[in-house]
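# What the coordinates show
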Amino acid sequence: MSENRKLIKIATAGSVDDGKSTLIGRLLYDTKSLTTDKIEAIERSSKQRGYDYLDFSLATDGLVAEREQGITIDVAHIYFNTANTNFIVADTPGHVEYTRNMVTGASTSQVAIILIDARKGVIEQTYRHFFIANLLRISHVVVAINKMDLVNYDEEVYLKIKEDFDKLVAKSDFSEDQITFIPVSALKGENIARKSEEMPWYVGNTLLDHLEVLEPADLEPSSVARFPVQYVIRPKTEAWHDFRGFSGMLYGGNLKVGDEVTLLPSLNTSKIKSIHYFDQEIQEAAPGSSIAITLETEVDLSRGDMLVKSGELPTSEKQISATICQVNNKALTIGKKYILQHGVNRVLAKVDRIESRIHTDFTGGEDAHSLKLNDIGRVHFRLSKPIHFDSYKSNKSNGSFILIDEAEYDTVSVGFIE
Amino acid sequence: MNNLLIPNPKEAESIHIIREVAAQFERPVLLFSGGKDSITLVRLAQKAFYPAKIPFPLLHVDTGHNFPETIEFRDRLVEELGLELIVRNVQDSIDQGKVREERGRYSSRNSLQTTTLLDAIEEFKFDACIGGARRDEEKARAKERVFSVRDDFGQWDEKNQRPELFDMLNGKIHVGQNVRCFPISNWTELDVWEYIKTENIEIPSIYFAHEREVFLRDGLIWTANEHVFREDHEEVMVKMVRFRTVGDMTCTAAVLSEAVSLDDVVGEIRDSSISERGARIDDKRSEAAMETRKKVGYF
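Residues numbered from 1 in each chain as written. Chains lettered and ligands numbered in written order. Predicted model: local features only at pLDDT ≥ 70, side-chain atom pairs only at ≥ 80, totals over all residues.

## A few points about the overall build of chain A
In terms of helices and strands, chain A carries eight helices and 24 strands. Radius of gyration (C-alpha) of chain A: 24 Å, near the 22 Å computed for a compact globule of 418 residues. With the C-alpha coordinates aligned to their principal axes, the bounding extent of chain A is approximately 70 × 50 × 40 Å. Pairs at least 24 apart in sequence give 70% of the contacts found in chain A among residues at least 6 apart. (Helix = DSSP H or I, 4+ residues; strand = E, 2+ residues; numbered from the N terminus. Rg over C-alpha atoms; globule rule 2.2 N^0.38 Å. Contact = placed C-beta atoms within 7 Å.)

Written out as structure tokens, the structure reads:
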């Protein structure tokens, strides 16, 4: 992979007929990411169906086939690139199970594209998609107002939808500069990769230009360094006899050689002696690095423990409250025990109290005794051991966890710590 | 000493996944075919555990119909890196009567590998198999998980997959289950080639253009060789070719190419308009097999 190409991760959300498949197909086509055999198949099929245009929804026909067969629609991953950017699209279908799918897709994405059918405007589904983008604290939302060709490219339609959507933004944690509205026709390719001549009143970027100017650094706001120990490297060879490297991925902020660090849970302190990336020793590592760290002093540190800069300690608690999204058919109920996985650390957790089930349309919540698949709720847990966390708001990776069913080992919930 | 490490996000993610495999499972194994994807996995595993050795063995399921260049390369790599290599042969599964050799026009040992693999998993009690599959390869793979749980028949239940949130991987399994782990799920073919180039990783010579005896069938270029069934009218010729994927001779087609260096190969992939799977005979074959079934049904 080219070192100078940045990576942007996108989740797409739309209702069934909003033209999401067409939009993704169009992005693939306009970035020349479709192979000749695929384009020929699209041309053939479009002709057979008597269309006077190319039906790009066929580019993602795996999903279409699924729909026809009526089997579980799942998050699909789609890849394309331009000269300076690699894109990963988590395509989350907008049917009944959209909550689980969109939460899953959005958890690995920095950007969400929410599709709105220009003829229908902001509908209940739009509320839900935006609610999840807000819950997951997606850094940037693109509202693609699609099918503008079917409303005569009318600016009034666009402005009305923008006005309605802005009312939602006001209810959310987003600021206005995190939301971008683009009027498009995925079918005709208007404002996707090519500036539309049909909509001279729109002065902003095309969708692709807009996605390309986003900077990963801006999309992942820095906080403080968190280094969960994943695996202890002990070569035990002659050349590396005393080497004890604590390996893992660094989140949130930089760490450098000489930093004073505190180890959790022991609260022992030490200093970073060296940082290793393969056979190189480096002075400093940026967030997202998979590295190995050695310390100046002999310490007791193993998988699941955490290394942080002294003076930047996370919260350590045995009782936590979190917003939960249920991603499995089995309901979450009061008193139930789970394996809670926080990063690479696992503890046991018991549901103490379910505070509420939250409406996914910004209208508040209601009392609840259980949370079923696709439900979102506020839950209080008691843990077997303290975990060392930040609020999800301040540090996504250190503020989220999954719940694993004790008997079946399925992943049943995802949690966002408050 | 380098000043500041700015990570390559896909590489960092893959290293993270490989370390999770080593930490969460008791007996992992890396499925090694000698192809570019599994060679990339080996480099990533080296990076994950350096300066220690890779803490799991490599398993090669040998169909007996591999390109000799691949086998020679495999043995040299294992020797140089001091890795443990386990080889299990499809021929043994045939001799034991567990699978039957295919005959005729599209015959291949490709699908027979599954039995040999499952036997090896049972023999060594492997609980995690690291593979080089990528989600961009084909539609069905686009939904594959990074940790994909299989039952003791190796079966994948697509309706019952564990959702994967953030970068938290759930490898908890019951006795009898095992997990297929895919560290380069999010890489594209171009990512792999660019990485091989940036890292200057050695790959088998058949990935570069060379003269080879071939014949044409179904618009694909097949290796002319005693392992590949060929009809009398299928004329053998010498062409300048290379391979885009490296598997069994019976299911890997060549492409015409002048690319003799990594730069040339990366350039070709960048401009290429035919998908990688387009040169896989096993994919084409399944269409052909379907055709045959339809015919049988018709009669």
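## Examining the overall build of chain B
Helix and strand counts for chain B come out as eight helices and 11 strands. Among the 299 residues that make up chain B, the fraction classed as buried is 44%. In chain B, of all internal contacts separated by at least 6 residues, the share reaching a separation of at least 24 is 76%. (Buried ≥ 20, exposed ≤ 12 C-beta atoms within 10 Å, placed from the backbone.)

## Things to note about the packing of helix 1 (residues 9-24) of chain B against helix 2 (residues 36-49) of chain B
Residues and elements named next belong to chain B. For the pair helix 1 and helix 2, interaxial distance at closest approach is 9 Å and the crossing angle is 75°. Relative to helix 2, the element helix 1 lies roughly perpendicular. On helix 2, the residues touching E11, S14, I15, I18 and R19 of helix 1 are L44, A45, K47 and A48. (Axes fitted to C-alpha atoms, helices over the stretch in contact; angles between N-to-C directions. Parallel < 35°, antiparallel > 145°, perpendicular 65-115°, else oblique.)

## Some thoughts on the pairing of strand 7 (residues 178-181) of chain B
All names here are of chain B. Strand direction decides the pairing type here: strand 5 (residues 128-130) and strand 7, joined by three bridges, are parallel. Across the sheet, the residue bridging to C129 is R180, located in strand 7. Two elements, strand 6 (residues 147-150) and strand 7, share four bridges in a ladder whose sense is antiparallel. By the bridge assignment, V149 is partnered in strand 7 with V179. (Pairing = 2+ DSSP bridges.)

## Quick notes on the sheet that holds strand 4 (residues 111-117) of chain A
Working definition: the strands of a sheet are paired by backbone hydrogen bonds and lie parallel or antiparallel to each other. Residue and element names in this part refer to chain A. Strand order in the open sheet made by the six strands is 2-3-1-4-5-6, with mixed pairing throughout. Looking at the sheet topology across the chains shown, the edges are occupied by strand 2 (76-81) and strand 6 (179-183). If you compare each strand with its neighbour and ignore which way they point, the axes differ by 25° on average. Examined bridge by bridge, strand 5 (residues 140-146) and strand 6 share five bridges and lie parallel to one another.

## A short note on helix 1 (residues 20-30) of chain A
Residues and elements named next belong to chain A. Of all 11 residues in helix 1, 10 are buried; the element is thus mostly enclosed. Those residues of helix 1 not exposed but buried are K20, S21, T22, L23, I24, G25, R26, L27, L28 and Y29. Positive backbone phi, approximately 55°, marks K32, located one or two places after helix 1.

## Notes on the interface of chain B and chain A
Contacts between chain B and chain A engage 48 residues on the former and 56 residues on the latter. At the level of elements, strand 1 (2-5), helix 1, helix 2 and helix 6 (189-199) of chain B are the ones that each hand at least two residues to the side of chain B that touches chain A. For the side of chain B that touches chain A, the element with the highest residue contribution is helix 1 of chain B, accounting for nine residues. When its residues are assigned to classes, the side of chain B that touches chain A shows 22 nonpolar, 12 polar and 14 charged. (Nonpolar A, V, L, I, M, F, W, Y, C, P; charged D, E, K, R; others polar.)

## Quick notes on the domain arrangement of chain A
Residues and elements named next belong to chain A. Each domain of chain A was delimited in the assignment, giving domain 1 (6-219), domain 2 (226-309) and domain 3 (315-417). Taking only C-alpha atoms, the centre of domain 2 and the centre of domain 3 are 29 Å apart. Counting residues at the interface gives 10 residues for domain 2, matched by 10 residues for domain 3. A per-class count over the side of domain 2 that touches domain 3 returns five nonpolar, three polar and two charged. (Domains from an automatic or database assignment.)

## Brief notes about the sheet that holds strand 7 of chain B
Residue and element names in this part refer to chain B. Taken in spatial order, the six strands line up as 4-3-2-5-7-6 in an open sheet, and their pairing is mixed. Strands at the two margins of the open sheet, each flanked by one partner only, are strand 4 (85-89) and strand 6. With strand direction ignored, the average angle separating the axes of adjacent strands in the sheet is 30°.

## What to know about the environment of B:E213
Following the sequence through the fold, B:E213 ends up in strand 8 (residues 210-217). Note: C-alpha distance between B:E213 and B:K239 (26 residues apart in sequence) is 6.6 Å.

## Quick word on unusual backbone geometry
Only a minority of non-glycine residues have a phi that is not negative, and only a minority of peptide bonds are not trans. The omega angle of the peptide bond from A:L264 to A:P265 is 10°, so this bond is cis rather than trans. Within the secondary structure, A:P265 is located in the loop between strand 11 (260-264) and strand 12 (269-277). Here the amide bond leading from B:Y50 into B:P51 is cis, since omega sits at 5°, within 30 degrees of zero. The backbone of A:K32 sits at a positive phi, close to 55°, despite the residue not being glycine. Topologically, A:K32 is positioned in the loop between helix 1 and helix 2 (36-48). The exposure class of A:K32 is partly exposed, given the 14 C-beta atoms found within 10 Å. Located in the positive-phi region is A:N152, a residue other than glycine, with phi close to 55°. Note that A:N152 resides in the loop between strand 5 and helix 6 (155-171).

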